[in-house]
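Residues per chain, in single letters:
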Amino acid sequence: MKYDYDFEDYLRNALAGSISSSNPSEEAKQKARKLSPSYFEDLKEKLLFRYENKSLEEVMDCKCCSTSFGEALKITKKEKINFNLEDNDFKNQINSNLKLLPKIGLKTEQNLKNKGYDTIESLKNHDRYSNLASNFLDKIDDMSFREIMDLLDSNKYSRKCRNNLIKCVSLTEPENFKFMDIETKGLSNVPIILIGVAEIKGSKIIASQYFLRDYTEEPNIIDAYLSHLDEDSVHVSFNGKSFDVPFIKNRCRYLGINQKLDLPHLDLMYFAKNLWKDTLPNCQLQTIEREIFGIEREEDVPGQYIPGYYDTYLLQDNIGPVVPIIEHNCQDIISLASFLEKMYEDVN
């Protein structure tokens, strides 16, 4: 009977988490409300009322900046950060990855290590691999961070040593990371309405966001974002390698903007799945925030509602509907710095 009671109790609790059960929990009810279109219609009305007759300059740190195409509205937020990637002597770690040499795979690497060839350096004394090892070691000291990332990413065994792409970030300066995210009017061939980039400057992380006040300013906000990039920049994003950066490139082509977006790119979504898929319910950005960093968002607006919220902003000349979009984007880019630091700690 004890077993039957425990099972029934477990089943009752499990069903309470479903809104379709006969007696759903308050948590399940609240979750269902926040997933319904009516919830987001109500939220939009509340925001319109709350911010009626207010400007973005009144509620955020905003100023206009000049670009090659005209003015762009820049929203700035600064937070203290203790971003520290302890030195992991990564170039010596590379020396132990024999698979980086051509013609060496998993089995060959294991056979060589069984024979005492534990490093690429030691292969300089191997009859077959001595020239390959010598040439590789001559190059590696002169390789840029980008070249090392390309080497690791292009190696056909990179999935077996995926963590090396996180480990290697110790080879560049934190100031080079460009934590970025965009918000758009849809999934393709539509304007970008917000571009955010966060940068580490000493003990602070500074978020710069460029907001589309009207459609004519799209070239302005893209150009403003591009001004943050140089040859040492490294994009850090969450699904930005397949969405954000290609989207910006397409808009640049459409608008006739010369862009410099072919940069090293760390898309943390892939690393999150690799590191945390067995410990989290899913690897969505907000799940990681909640489960690992204890961050709970309030009045967050999912992507599918952003176009409608933006349209309402334009039609009613009321900033209310875009305030949570801007806050959402800002939290995204700031969170990425914490994600990268945590991932680096975990893989090292």
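Counting of residues starts from 1 at the beginning of each chain's written sequence and follows it residue by residue. This being a predicted model, a pLDDT of at least 70 is required before a residue's local features are given, and a value of 80 or more before pairs of side-chain atoms are given or counted; all residues contribute to the totals for chains, interfaces and linings. Note: side-chain values were computed over all heavy atoms of the structure, leaving out hydrogens and water.

Strands are runs of DSSP state E lasting at least 2 residues, helices are runs of H or I lasting at least 4, and numbering of each runs from the N terminus. Mapping N220 onto the fold places it in helix α10 (residues 218-226). Each residue's exposure class comes from its accessible area (1.4 Å probe, protein chains only) as a fraction of the maximum for that residue type: buried when under 20%, exposed when over 50%, partly exposed otherwise. Under the relative-accessibility criterion, N220 is labelled buried at 6%. Sequence separation between N220 and Y210 is ten residues, and the spatial gap between their C-alpha atoms is 8.7 Å. Within 3.5 Å is the distance limit for a polar contact, defined as a pair of N or O atoms, with the added protein rule that one can donate a hydrogen and the other accept it, and that residues adjacent in sequence qualify only through two side-chain atoms. A polar contact of 2.7 Å, which involves the side chain of N220, links it to the backbone oxygen of E71.

Taken together, the side chains of K63, K78, K80 and K204 make up a positively charged region of the molecular surface. On the secondary structure map, K204 appears in strand β5 (residues 204-211). Residues enter patches when they are more than 30% accessible in relative terms and free of salt bridges; like-charged ones are connected within 9 Å and nonpolar ones (Val, Leu, Ile, Met, Phe, Trp, Tyr) within 5 Å. All accessibility values rest on the Shrake-Rupley procedure with a 1.4 Å probe; residue burial counts only the protein chains present in the view. A pair is scored as a salt bridge if a Lys or Arg side-chain nitrogen falls within 4 Å of a carboxyl oxygen belonging to Asp or Glu. Residues scored as positive are Lys and Arg, those scored as negative are Asp and Glu, and His as well as the terminal groups of each chain are ignored. Positions of charges follow a simple convention, taking NZ of Lys, CZ of Arg, CG of Asp or CD of Glu.

This part covers the packing of aromatic side chains. For Phe, Tyr and Trp, rings pair up if their centres lie within 6.5 Å, where Trp contributes its six-membered ring, and each pair is then called stacked (planes under 30 degrees apart), edge-to-face (over 60) or tilted (otherwise). Summed over the entire model, instances satisfying the criterion amount to twelve aromatic pairs. Between the aromatic rings of F238 and F339, the centroid separation amounts to 6.2 Å while the plane-to-plane angle is 75 degrees, which identifies the pairing as edge-to-face. Of this pair, F238 sits in the loop between β6 (234-237) and α11 (240-255) while F339 sits in helix α15 (residues 323-347); the two residues are 101 residues apart in sequence, bridging distant segments of the chain. Neither residue differs from the other here; F238 and F339 are each classed as buried. On the basis of an interplanar angle of 15 degrees and a centroid distance of 5.5 Å, the ring pair of F293 and F339 is categorised as stacked. Of this pair, F293 sits in helix α13 (residues 285-293) while F339 sits in helix α15, and the two are 46 residues apart along the sequence. Overall, the relative accessible area of 28% leaves F293 in the partly exposed class.

Before going further, it helps to spend a moment on the pattern of salt bridges. Per the counting criterion, the structure on display carries 16 salt bridges. The salt bridge partner of E217 is R213, with a shortest N-O separation of 2.8 Å. We note a salt bridge from D346 to K342, for which the minimum N-O separation is 3.3 Å. In this pair, D346 and K342 are both assigned in helix α15, four residues apart and thus about one turn of the helix distant. Exposure remark for D346: the relative accessible area of 36% places this residue in the partly exposed category. On the basis of relative accessible area, K342 is assigned to the partly exposed category, the value being 27%. Taken together, the salt bridges that share partners define one network made up of E289, R297, D300 and D332.

Here we take up the pairing of strand β1 (residues 62-67). The rule for pairing is simple: two strands pair if DSSP sees at least two bridges between them. Taken together, the six bridges between β1 and strand β2 (residues 70-80) define a ladder with antiparallel strand orientation. Counterpart to K63 in the pairing with β2 is K74. Linking β1 back to β2 in an antiparallel pair, the connection comprises two residues.

This part takes up α13. Taken residue by residue, α13 has L285, T287, I288 and E289 as its buried positions. In what follows, a contact means two residues having at least one pair of non-hydrogen atoms within 4.5 Å. Each element contacted by the buried residues of α13 is listed here: α12 (268-276) and α15. One or two positions beyond α13, positive phi appears at G294, with a value near 70 degrees.

Here we take up the packing of α10 against α11. Interhelical geometry of α10 versus α11 gives an angle of 125 degrees and a closest axis separation of 11 Å. By the angle between their axes, α10 is oblique relative to α11. The two elements α10 and α11 meet at a crossing, and its hand is left-handed. Here E218, P219, I222, Y225 and L226 of α10 lie close against α11, whose contacting residues are I248, R251, C252 and L255. Taken together, the residues of the contact of α10 with α11 break down into seven nonpolar, no polar and two charged. Every axis in this analysis is a line fitted to C-alpha atoms, fitted for helices over the stretch in contact. Angles between the N-to-C directions lie between 0 and 180 degrees. For classification, angles of less than 35 degrees are called roughly parallel, those exceeding 145 degrees roughly antiparallel, those between 65 and 115 degrees roughly perpendicular, and all remaining angles oblique. Two helices that cross are described as forming a left-handed crossing if the nearer one is turned anticlockwise from the farther one by less than a right angle, and a right-handed crossing if clockwise. For this scheme, ten residues count as nonpolar: Ala, Val, Leu, Ile, Met, Phe, Trp, Tyr, Cys and Pro. Four count as charged, namely Asp, Glu, Lys and Arg, and the remainder, Gly too, count as polar.

With respect to topology, seven strands assemble into an open sheet ordered β1-β2-β5-β4-β3-β6-β7, the strand pairing being mixed. In this open sheet, the two strands that pair with only one neighbour each are β1 and β7 (265-267). Ignoring strand direction, the axes of neighbouring strands in this sheet form an average angle of 30 degrees. Pairing of β2 with β5, which is carried by eight bridges, proceeds in the antiparallel orientation. Looking at β5, one finds that T76 is bridged to S208. Set on the sheet, α10 makes contact with β1, β2, β3 (177-184), β4 (192-201), β5 and β6; between it and β4 the angle comes to about 15 degrees.

Of all eight residues in β5, seven are buried; the element is thus mostly enclosed. Judged from the eight bridges that link them, β4 and β5 form a sheet pairing that is antiparallel. If you follow K201 over to β5, its bridge partner there is K204. Hairpin connection, β4 to β5: the antiparallel pair is bridged by two residues, and G202 has positive phi, about 65 degrees.

In short, geometric facts, not functional conclusions.
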